[in-house]
Every structure is written in C-alpha cells, then in structure tokens.
Amino acid sequence: MFKKILIANRGEIAVRVIRACHEMGISAVAVYSDVDRASLHVRKADEAYPIGAAAASESYLNIQKILDVASRSGADAIHPGYGFLSENAKFARACSEAGVKFIGPTAATMEAMGSKTRARQAMERAGVAFVPGTSRGLESFEQAEQVASRIGYPVMLKAAAGGGGKGMRLVHAPGELKSALDGARSEAERSFGDSEVYIEKAIINPRHIEMQLLADEHGNTVYLGERECSLQRRHQKVIEEAPSPIVDADMRKKMGEVAVRVAQAAGYTNAGTVEFLVDEEKSFYFLEMNTRLQVEHPVTELITGLDLVHLQIRIAAGEVLPFTQGEILIRGHAIECRIYAEDPDNNYFPSPGKITLLLAPSGPGIRRDSGMYEGWSVPMDYDPLLAKLIGYGTTRDQAIGRLTRALNEYFVGGIKTNISLFRRILSDPDFRTAKLDTGFLDRMLTRKTPATPSDSRAVEVAVIAAGIFAVLGSSSAGAGERPLTSESTVGKQNVASNWKITAHKEAMR
Amino acid sequence: MFKKILIANRGEIAVRVIRACHEMGISAVAVYSDVDRASLHVRKADEAYPIGAAAASESYLNIQKILDVASRSGADAIHPGYGFLSENAKFARACSEAGVKFIGPTAATMEAMGSKTRARQAMERAGVAFVPGTSRGLESFEQAEQVASRIGYPVMLKAAAGGGGKGMRLVHAPGELKSALDGARSEAERSFGDSEVYIEKAIINPRHIEMQLLADEHGNTVYLGERECSLQRRHQKVIEEAPSPIVDADMRKKMGEVAVRVAQAAGYTNAGTVEFLVDEEKSFYFLEMNTRLQVEHPVTELITGLDLVHLQIRIAAGEVLPFTQGEILIRGHAIECRIYAEDPDNNYFPSPGKITLLLAPSGPGIRRDSGMYEGWSVPMDYDPLLAKLIGYGTTRDQAIGRLTRALNEYFVGGIKTNISLFRRILSDPDFRTAKLDTGFLDRMLTRKTPATPSDSRAVEVAVIAAGIFAVLGSSSAGAGERPLTSESTVGKQNVASNWKITAHKEAMR
Amino acid sequence: MSRPIGKSQPTKKPCDNAQSGYWQSTLVFVTYQITIDGKKYRLDLTRSEGRWWCRLDGREVEVDAVLARPDVLSLRIGNLAYEVKCERVAGDLHLWVGSERFSTEVSDPRSLRGRIPTADDHGPKKLTAPMPGKIVRVLVSQGTEVEAGAGVLVVEAMKMQNEIKSPKKGKIQKLLVSEGAAVNAGDVLAIVE
Amino acid sequence: MSRPIGKSQPTKKPCDNAQSGYWQSTLVFVTYQITIDGKKYRLDLTRSEGRWWCRLDGREVEVDAVLARPDVLSLRIGNLAYEVKCERVAGDLHLWVGSERFSTEVSDPRSLRGRIPTADDHGPKKLTAPMPGKIVRVLVSQGTEVEAGAGVLVVEAMKMQNEIKSPKKGKIQKLLVSEGAAVNAGDVLAIVE
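Residues numbered from 1 in each chain as written. Chains lettered and ligands numbered in written order. Predicted model: local features only at pLDDT ≥ 70, side-chain atom pairs only at ≥ 80, totals over all residues. Heavy atoms only, no water.

## Description of the relation of the copies chain A and chain B
Look at the two chain copies: a rotation about an axis and a shift along it is all it takes to match them. With an RMSD of 0.1 Å, the operation that places chain A on chain B is a rotation of 180° combined with a shift of 0.0 Å along the axis. Both chain copies can therefore be described as sitting about a two-fold axis. Identified as the residue of chain A closest to the rotation axis by C-alpha distance is Arg 367 of chain A, at 3.5 Å. Looking at chain A, 100% of its interface residues are interface residues in chain B too, so the copies touch through the same face. (Least-squares fit on C-alpha atoms with pLDDT ≥ 70 in both. Contact = heavy atoms within 4.5 Å.)

## A look at the sheet that holds strand E14 (residues 333–340) of chain A
Across a sheet, paired strands are connected by hydrogen bonds in the backbone, their directions being either parallel or antiparallel. Residue and element names in this part refer to chain A. Taken together, the eight strands give an open sheet; going across it, the order is E13-E12-E9-E10-E11-E14-E21-E19, and neighbouring strands pair in antiparallel fashion. Whereas interior strands pair on both sides, the edge strands pair on one side only; in this sheet they are strand E13 (284–290) and strand E19 (366–370). Recorded for the sheet is a direction-independent mean angle of 25° between the axes of neighbouring strands. Strand direction decides the pairing type here: E19 and strand E21 (residues 385–393), joined by five bridges, are antiparallel. The partner of Ile 366 across the bridge, within E21, is Gly 391. In this fold helix H1 (residues 11–23) packs onto E19 and E21, with an angle of close to 110° to the strand it touches most, E19. The strands touched by helix H13 (residues 419–427) within the sheet are strand E10 (221–233), strand E11 (236–242) and E14, with E11 carrying the most contacts at an inclination of about 50°. (Pairing = 2+ DSSP bridges. Helix = DSSP H or I, 4+ residues; strand = E, 2+ residues; numbered from the N terminus. Axes fitted to C-alpha atoms, helices over the stretch in contact; angles between N-to-C directions.)

## Observations concerning the pattern of salt bridges
Scanning the model with the defined rule gives 90 salt bridges over all chains in all. The partner of Lys 388 of chain B in a salt bridge is Asp 369 of chain B, and the shortest N-O contact between them spans 3.9 Å. Of the two residues, Lys 388 of chain B is situated in strand E21 (residues 385–393) and Asp 369 of chain B in strand E19 (residues 366–370); the sequence distance between them amounts to 19 residues. Across this residue pair, the class does not change: Lys 388 of chain B and Asp 369 of chain B are buried. Between Asp 44 of chain C and Arg 55 of chain C there is a salt bridge whose closest N-O contact spans 3.5 Å. Of the two residues, Asp 44 of chain C is situated in strand E2 (residues 39–48) and Arg 55 of chain C in strand E3 (residues 51–56); the sequence distance between them amounts to 11 residues. Among the charged side chains, a network of salt bridges with common partners joins Glu 12, Arg 16, Arg 19, Glu 23, Glu 301, Asp 307, Arg 367, Asp 369 and Lys 388 of chain A together with Arg 402, Arg 405 and Glu 409 of chain B. (Salt bridge = Lys/Arg side-chain N within 4 Å of Asp/Glu carboxyl O. Buried < 20%, exposed > 50% of the residue type's maximum accessible area, 1.4 Å probe, protein only.)

## Some remarks on the sheet that holds strand E10 (residues 125–128) of chain D
Residue and element names in this part refer to chain D. Pairing is antiparallel across the open sheet formed by four strands, whose spatial order is E10-E17-E15-E12. Every other strand in the sheet has two partners, leaving E10 and strand E12 (145–146) as the edge strands with one partner each. Pairing between strand E15 (residues 170–175) and strand E17 (residues 188–192): three bridges, direction antiparallel. In the sheet register, Leu 175 faces E17, and the bridge partner there is Ala 190.

## What about the interface of chain A and chain B?
In this assembly, 32 residues from chain A lie in contact with 32 residues from chain B. Taken together, the two surfaces of chain A and chain B that pack against each other cover about 2,700 Å², and 47% of this comes from carbon and sulfur. On the chain A side of the contact with chain B, Glu 23, Arg 331 and Pro 364 of chain A bury the most area, a combined 24% of that side's loss. Among the salt bridges present, the one from Arg 405 of chain B reaches Glu 23 of chain A, with a minimum N-O distance of 2.8 Å. Scanning the region where chain A abuts chain B turns up 20 residue pairs in polar contact (both at pLDDT 80 or more). Elements that contribute at least two residues to the side of chain A that touches chain B include exactly H1, helix H2 (40–44), helix H10 (297–304), E19 and helix H12 (396–409) of chain A. For the side of chain A that touches chain B, the element with the highest residue contribution is H12 of chain A, accounting for five residues. Split into classes, the residues belonging to the side of chain A that touches chain B amount to 10 nonpolar, nine polar and 13 charged. (Buried area = accessible area lost by both parts, 1.4 Å probe. Polar contact = N/O pair within 3.5 Å; in protein donor to acceptor, adjacent residues only side chain to side chain. Nonpolar A, V, L, I, M, F, W, Y, C, P; charged D, E, K, R; others polar.)

## With respect to the packing of aromatic side chains
Summed over the entire model, instances satisfying the criterion amount to 14 aromatic pairs over all chains. For the pair Phe 276 of chain A and Phe 284 of chain A, a centre-to-centre distance of 5.2 Å together with 85° between the ring planes defines the contact as edge-to-face. Taken individually, Phe 276 of chain A and Phe 284 of chain A each receive the classification buried, so the pair is uniform in this respect. Clustering of aromatic rings is evident, with ring pairs tying together Tyr 60, Phe 84 and Tyr 382 of chain A. In this arrangement the basic side chain of Lys 178 of chain A is found over the ring face of Phe 141 of chain A, its NZ or CZ atom lying 5.7 Å from the centre. Here Arg 396 of chain B stacks its cationic end above the ring of Phe 431 of chain B, 4.6 Å away from the centre of that ring. (Phe/Tyr/Trp six-rings, centres within 6.5 Å; stacked < 30°, edge-to-face > 60°. Lys NZ or Arg CZ within 6 Å of the ring centre and 35° of its normal.)

## Describing the packing of helix H7 (residues 141–151) of chain B against helix H8 (residues 177–192) of chain B
Residue and element names in this part refer to chain B. Running from N to C, H7 and H8 cross one another at 120°; their axes reach a closest spacing of 11 Å. Comparing their axes, H8 and H7 come out oblique. Seen along the crossing, H7 lies across H8 with a hand that is right-handed. Across the interface between the two elements, Phe 141, Ala 144, Glu 145 and Ala 148 from H7 touch Leu 177, Lys 178 and Leu 181 from H8. Classifying every residue of the contact of H7 with H8 by side-chain character gives five nonpolar, no polar and two charged. (Parallel < 35°, antiparallel > 145°, perpendicular 65-115°, else oblique. Left-handed = near helix turned anticlockwise from the far one by under 90°.)

Quick look at the structure:
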C-alpha cells in the first residue's frame, strides 16, 4: 500500500480524498494556490505545499509544479480528484514517467475515451449501442445532410472534444443544418482547439443515466449500479440520485453488462462511469465514458455501502477487487445536492465571499462532504462547489424527507448559496413522482416561483426578529458584520434620556 | 398518521425524534425545563412549552405537566425517547387514559418486563434459556445457599428492580454469600424501594449482546440483528457495534428467533430490545428486555438501512410493518461512540459548562446525532450525553478507520469530553481484533495510559502554537475567553518602545 | 453566545451569570419601522431584565427570545417556536424563518424624526404608554406649557421607570390619567397641542 | 475569522483586504517561556506584515500560521501541516496538535524581569539580534556608559527598524558589529557590563 498520496486538487473533493487517506493510515499531501492557504484541505493535510498563483493554469493545472511537490514530499501516488487534471492523459503519462502512481486509468485509455468520436468507434467495434449517427467527424456538409436524412430529424451536432454543452447544436429541420454545422464547428474550434463535429439522432428530453464501474489491474470489472443524473441546468448536473427510479433489476443488469463491455473494450482500470441516454421506451444508448471519480459518487457509495475512493486507492496499489459482481448489494435510495456559492435571485451567478455563519445539518441518513468552514472566505477563482449534501433512506420518499429536513437545517451566512433551489426541486410534484428528464430543471426555472402566499405568521416573526436583531446590534452579528441599522445604537442611547433605573437591588445585580 | 407529536425528552434524543417528525411531515412539540430554554431541541421544535424547574422530578419526570402540554398543544402522540419516562408504565397508562398515543409498548407489557424476576418467569414459560438461577426473589439465606450450590459458584445476586449495577453482588465462595445477600438487599431497598433479590450463575467476563426487535400491533414481529455492547464502564455502555464480531448468520438467526419468542410471549409491540449474556462457548442466555428505543439504535439503523424512529411512529399509528423478516438486509459494520461531557483526566467526572468552540466531523460513513452547539452551556442537571458519533464501513476495519478519522476531527472547546477515550479504545489491539467482553474497559482503564513518548515534533508545534495564540491574544479566543497570559498584552506594548516603524508606504497599507 | 434574553429564563443560571447580569442591567426601549415585501410594520420593543415587551402595529405580542449564536435567534411567540437566521450580504438584510426568506429593511422612525421635522410636529400629539405599567408620577397639570422633550408623566413597569416626554413644544391639552393608574401598552396618556 | 497571518499569504487577497491590512500594520515582538510536561522552552516570536519569525530555544524555525477560527490555528512548519486547537477550561490551557494533547503554560519572562530584578541583572549581559536583519545604526561606542533601556543599536528587518536597548545600567564592554553588517537571529551584537 502507498505510504503517502498527493492530492492534486482543492476544496471539498481534496478534503474527501484526504479523509480516505487518513482512514487507511496513509499520509496526505496537499497543494494550494496563493488564495487557498486558509482552505480546509490545507488544514486537514499532513503536508502542504504552495504551488503558485490563483489562476489554475499557474497552480492546480500546472503539471510540473505538482510533480515537483510529489518528488519533494516523496509521495508515491497522486489522486487527481475531479476537474483540473483528472482527465488529462498528459498528466497521467507524466506521473508514470516520474515514477509516481496516477490513481486512475492509464494515459492510453484516457486518450481513447477522451475523444467522443474515438470512444464511439471503440463502442462500434465492441458492439455497444449508441445513439444513431456518425462515429467519425463530419467531412462535409453533404455528408451531414445524408446522415441526418437517414437517421431522421431532429439531430444533434456535437464537438468530438466536447463538454459542458460547448459545440452542440440541436437541428430540427434540414434548412437549419448548414448554419448549425458552421456554428458548432467554429465554437468547437474556439473552445477546444479542435473543430471536429459529429452527428447524432437527437433524443428530446431523454433521461441521463450513468453506470458506475470499478476495474482492477487484474482483469476484474464490476458495475455498482446506476445514477439518475437527468436534472441539469445548462448541461451541468445539479441533483443526482441512485438508483434511478425507472431502472429495475433487469434493466440494471443489462446496462451494467454493457458498461462492463465498454470498459473492457477500452482496457479500463480504476473507477469510471459510462453515461447513457435513455429514451421514453427505456432504450439506452452509450453517450460517453468519464475516466475519473465523479462529483455524484456518494449516492453510489450509500446504496452499495462501499467507499469508492478507498477502492480507487486499493486498485491503484495493485490489489484485486475484494468482491465479485454477485456480492454487491444495492439497498435503499440516495440523493445528492451540490451546494454552490451562487445567487438564486441573480440568475445563479457565483457568490464568493466570507462565510460569517455556518449551520450544518447532520443526523440520521445525512452525509455532508464539505470544503467550507465558518470564517473562511470563498475565493472567486474556482468552481463554486462548496459542499455536497447527500440524503439516504430506505425508500426514495424517506430520502427526500430526510434531505428536505437537512436542507432546512443548512444555513450559510455571508454569501449566497443555491440551498433554496433544492428545497424547491424536492417539493416539486413531478420530482416527487420521479417524472425526470434533462429538460426538467429548465422548465421548472422558467416557471415563476410558485406564488407562495407568504405565511402571514412567518412575516410577523420576521418583523419581530428583525427588531430584536437590531436592538442586539453588533453583539448579535457574526464577526466583521455591520449592525442592522445605523440607528440601532440611537435606540440604546435613548435609554439614558428616556428611562430612569429604579434602584432596586435585584435589578442592578 | 399523527399530525403532532410531543417529545417528552431533551438533548440529542429529543433532536433526533424532532428530525424524524419533520422528515415525516409531522409537527414536533418540545418541552423544556428552566435551564433548557436555549437547548437545541427547543430551537428545532415547532412548538415549545416550559414545564418547570431544572430538577427532572419538576419537569421531565412530571407526568401531569407533560400531559397538560399534550392537551394544550393538541398533540396526538408522545414519544418518550430513552431515559426519563420511557420505561414508566404509569406514564404509558396515563397517556392512554388521556387519549394520547404513547409511542412504545403497552403499560401492561412494560410492567411485565420491568421486573427482572417477572420477566424471567415469563421466559421460563416461553421456554427461553436464561442464566441458571432463580426466577423468583430469594426467600431466605438457606434457599440462596441451596440454589448457589446447585448451579455452582461464582454466582451473581441481582435486584429484581435493578439497573445500573445497583443491588448487584458477585459471590465467589459460600463464605461470602451471607454478607453479599444482606448488602444486595439493602442496596436494592435503598435504590429502588424494593429489596427483592434473585440469584444467577455468574458468567465471568461474558459478552453482552442484544437483539433489536420491531413488533407492529397486528401480530408481526421481526428482529433487525444484534448489537455488541460488551464495552462498559461501571455497567454503563460506552461504545457499541453491529453486527457483533462473534455472531454469524446462523447464530443471528437463533438469537433473533429466541428474541421474537420473548417478545411474543410478552405481547410486545413497537421497538424493543432483548439483552443476552454470551459465554465463551457462544451459549447465550436471556438477561432482560428493554421496552424502549435505545441509545445505540443508530448502529442497527446503519447496517439495516432502516429508521427505527420512523418505524416506531408508523407502528404506533397502527400501520403494518412494511417488510418481512426475509426482506431485511444486513450489510456492513457500524460502531457508535457516546460523547459525554466528562473529564477523562479526573475519573470521568461530569464536566458541564459553556461550549466555546465546536468542530464537528462529517464526511463519508459518519453520522452525528448531537444535542449541542457552539455557544451553548451544557447544564449540570442531566445525563452528560452530548452526542453520538457513529461510523459505518463496508468492513469493521473500515468503520474503525472512519471513526478514528472523525474523532480526530471532533473538537469541543470550553468543556471536557471523553473523545480521547474513544481514540484509545479504537487503537487498542484487543479491540482491533474484537477480543471484547464486559471486563475489557475496566482492564484497559486500570492500565496506565500507554506511555506514548510524546512526538518531539508535536511538542515543538505545541510550543510554537502556544506562542502564536498568546500573541494573537483575545482576538484568537472564542467569545468570553481570557487571553493566554496576562502578560501577552505586555508583549504588544513592548512594540511601541522596542520598535520604530519605518515609514515605507507599503508597510502602512 | 447563548445569552438568556428570554422571558422564562431563570434569573440564576449557573454557567451564564456574567452574561445574564449584563442583560439584566441593560434597558432598551425602541421603535422601529420594518419593511417586508413593501409592507411597513411598526414595532415597539422594550427589553429589561432579560425580558422583552413587544407591540406589532399596536398589538401586543408575547415574545421569548434567545440569541443562540450570533445571527441565530430562537424565538417563542406564544408557544410556537421559530429558529430565525439573519443573512447579511453586501448591505442586504434577509431573515429566514424556518425555510422562508424575507427581504427586510429596518429603520428607526424616531431618529429620522429627530433630524427632519415633519408635518407630524404640527397639530395635537398623543402621548401613549410604550408598555403595560403603572403611572407613578404626573409632572404637569392640564394647561401647562411644555418644551419639546420635557417630562410629562412617569410610567413604571418591570422595575423600571419610564419618563414620557413631550414630543413638541406646546400646551398640555388633556391629561387622561392620574397617579396610581394602571395602563396598557398603547393607551393614550395625554395630548399636547 | 480566517486571517491571513501566514508567510506565503499574498499581500492582496480579494476578500480579506481589510483584515490583512490590519495584520500588516501590526508589529509584534515577544519572548515567551513555554512549559510543556515540565520542560521549559524559550520562544522568540516576531510578526510583521503578516509574517512570522520564530526562534525556539535559539533555533530558527520556519513558520506559516493562519488563524482559521478563534482557537484554531492552521500551521505549516516547513512543509508539514498541523491543525492546532486551543482548549481553555477553567484557567487550564491545553493545546491539541492533531489528536495529541499538551498541557501548556505560557509566561513572558521579560515582563517578570521588569518587575522583579533577578540575579541576571548583575554581571555582563549580551545583546542579541531578535531576528535576521541588517545593522542600520550604532548609537553608542565601546566604553560608553548607558542607562537601562537606552538604545544601543538599530536592526532593520522586513521593513521594520528594531532599536535594541540595554537591559541594564552599565558600560558597553564590547561592540561586535558595525553599521551595514548583516546579522542572523541570535547573533551577539554587544555586551554590557
């Protein structure tokens, strides 16, 4: 087993990996940029090395600096977390050349699965169904026209190197194809330095369901069940759950076996995820493979009782998977909320700043993976993911009940967060009945906030509390905070003129 | 289903029940004594009623006051938690007479199981094995002599109404019997107002293993697996786990079925626990039945994925158990630490006071059920249980690793806690290899603290940190705290005389 | 930070003596204008000896408040319990009652009035009781000319004496109470013309 | 409360300007005697512009400290990282380094010396450099008679000038450095007899 692992990441995922290291008796080495000295991952690590300026390119994306720290600290492995260098084949190769184990698949596998068209070619060879279309980049407008008319409109144009919705165009009719193709190509070129675009049949409002895999370095590959990730805002996942409400044991087995075939075709090792699109008839199509741990991995951990980061580390250390497919027990239901520093009142813009008050939920069925603490200033330089709040229950209803309860306990003062968004999602009738698809969230958000006729009793409570907070003034406020009104002290001074204190001894004690 | 539940308790268990209510959409009514107005359960409730002075007899044990609140608030059920009135048959009967549902078994069942000798008589009729001895109170010294010589020394004398080790005497040889019997009787009389004492074969350093049961009001009874509770200090449980490391599927089935027979013989409903003594040959003997939820219920919740409080409420509302014995899946391993306000340096004396700093653990596999918060003053009037920290893992080793990690994150400033005791237990080689019995903890505590040769590097760190805290003075301290030295400000004043600030603009910015 | 400022807080609490001593000797009497969702509310608050008296738009409300942590209030209004959190971001003030959030503005009408004389200063003005209490002294008689700020009556409540002052220069048109009278919050005590 | 008092903290941090400004203009120079498990340690600490200089029993230690919350310090000593928690119960002081707990006493030997003249005040006394720096001024010459507290030399470091004073009334027996010299922490600069 490794003695020391460098975590090439920050925030809540760095804390999560450091915890796994400590649980396994392994030393954890943190790296941090100039604005992250006070971050929680530095507090929790055994060693911590500054690696440069706030800009990720100067620090968390700088391969050479990270490998220098690995060498100085004597780390024998590197965990990349997610984001940053986690899917960078060049980094995996550089680790291997530097003699430090990259905790993830090989560089060659990452390269093969990193290009969506190359991945589709591999799946074609492995006999895996994917959304009808090309598995190679389009060579001409004429070819695009032919394929589109063969598979039928609507079609989707996608960048081969794509991600995050960039270089994607939905085309409803032949007349739109030319300009959409030009637009997708130029956006792909701008975003990824690669104008390769391919074509797929568009599945309107599909479900997005993914299958978690683990593969050791001895040829054993297992699937750990699926995750329902259909709730997205601008192609970014917001809330995920496992199992998917529409997947039964039979469908799970079919999807799992396809996912295992995908991984084996790619010579995959370590943890990975195969994403599928699922249409209304529950037909599923290979979409892409994510060659890393994912933000939503906790929901799979809760329903399987396994620790994916522990297992990633064990696999990277050369161990054989400690269980077979048949030994994996899926039980209960888990839902994850991604808590972001963003302003729900202002189009979900990021909201960095100092956290003046933090009330964190806990209790039965609640897991909280957080990178924040009271008094910490959320830097403006990175992804606004602050924490993940995960609810587990015997049933989906119980998981929703527990998560709703925990969200009501959660309070982050000083910055804005999207906690209220989750309350809204969890109370939505369609969510409650699991009528989910990738268009759900955009539809919900374009509806006006249900005009909750503010409970008049709650308004009164707010009025009274506002007054009491104002009287208590700065003594009631978090550190570095203004009192509510500049006049609130005037109120206190009035005492001297307005009142005379009777000299009862009891009153003066 | 109930609309409103009154929680006749305080602290972490009241918070735990309030959470369950909210998760199920039920209003929660808190009651509180004069010293508990600022307690967490009052903050989290929907309604809160003062019920009198700090002394439990004036408030939490006062049946009439609690029933008055039930009536004023319109609560349709009462959850008693554990401790206080939870095993008080008179209270259960009074609830029933007042038309409010007591969430627990019937008064009659509680009375039958509350006396250890009556419970033994019932078990005798049901054909359940119990530790050899009498199932009736001893009538004379002569009878005691006869029974003791028949079952063989050592024997244990126990109070029929007993609990907490009161009225218990271990007798090694016939010559000790007379004075032991007299002593046990007078202690039983003093403690419980009942001098009834019975005799049992003493099992030296047995394991203490208990079986969790659930019984609905329609005749269905299931067992949810066992808990290992052998680690006790002065007959009080300190750390519990599930499953027991020595219980395999076969033994679990046998114990479970005996426990179900015990419950059915007693006409038991709602959640309850049958306690067993287990000897070195893994023979198990009925010890007693606890007719309430127990402090250690979370370890069972984690390995079964069920919520016992939700199920208690559903059963009390007349629902049928939503699963059969065969559908209960036990998976993984869970360990609970009872975090007490007590001073490990001073013979574990209670340590009430103000919590000036609270760093609470979270993350994978960690559940925290707590009744404390930063800034709260732990009153001196009640049980010192502050919180329960529970670790779950795929295996026992992983549960220990996660719990150790979480204990290292846990910090309660301003009062003393027993957190360090758990670190010691979890790192004990006998604990690691699950060599547990009821004498384990007393043996461990009489050994000197392993002379950990203080890591000289850690000492240096402490020295440097002490200096920095002293310089930062009161600005670094929690609210209402003294600075480290009265001279630390002198250090700062020295600046004025010792130093002159060069007027570099940068320095003054 | 859990300061006993609540009504039913005992006067002696072992761990908190220093602080409760502080609160007990602090006396506050204020009026705020509070705006939520465009609607304005008048809130009269009085605190003495760790107890609150509250009038919301003239209506008396029984309030028991404990500051559990900075920015976190445990409120009991009647027997209903609320956890209220105060969110202060960049000058905005939001109050969370449970999971409902209210954008809130607080201003002190008296301090505004002190600076900018308004139309209210003309015409007859009522002097009202800020809280339930007893009239312990009447300092003027009907018809007396008084300066703005001059004492008119003294009301006693919760061991504190409150001197009710004239809001303007004028003549005591009417004196509606006499020494020893019990008054309720909001009762008109006198009119200055 | 996360105040940047660390070495590698950038001078400009967007969210923390007010606070870093505070720390940057605060200058502290102290010596403590710290007792742990009966063993005494001498700790010289200097802070200026948010950076710490530290000498432990005369040996220089590279320290980077951030007060994450009150009573919680994130320390880097070299590249080793520690979370240190300060436990203050009823006058006792314990420091937790990770999960190890140290009973600690802190006293300021200079402040004690200022009140009670000790044997140390007799006989020759060495003046040492409290931190690495440069001698910018020598205020006396060899053989000069000085009063207790009179300035002897000025050392500059980290943009701050430190006037080294005579600890006693006496004669400058030896002056070991001259203007412009670079000195290390602990170097003897002069001897007063």
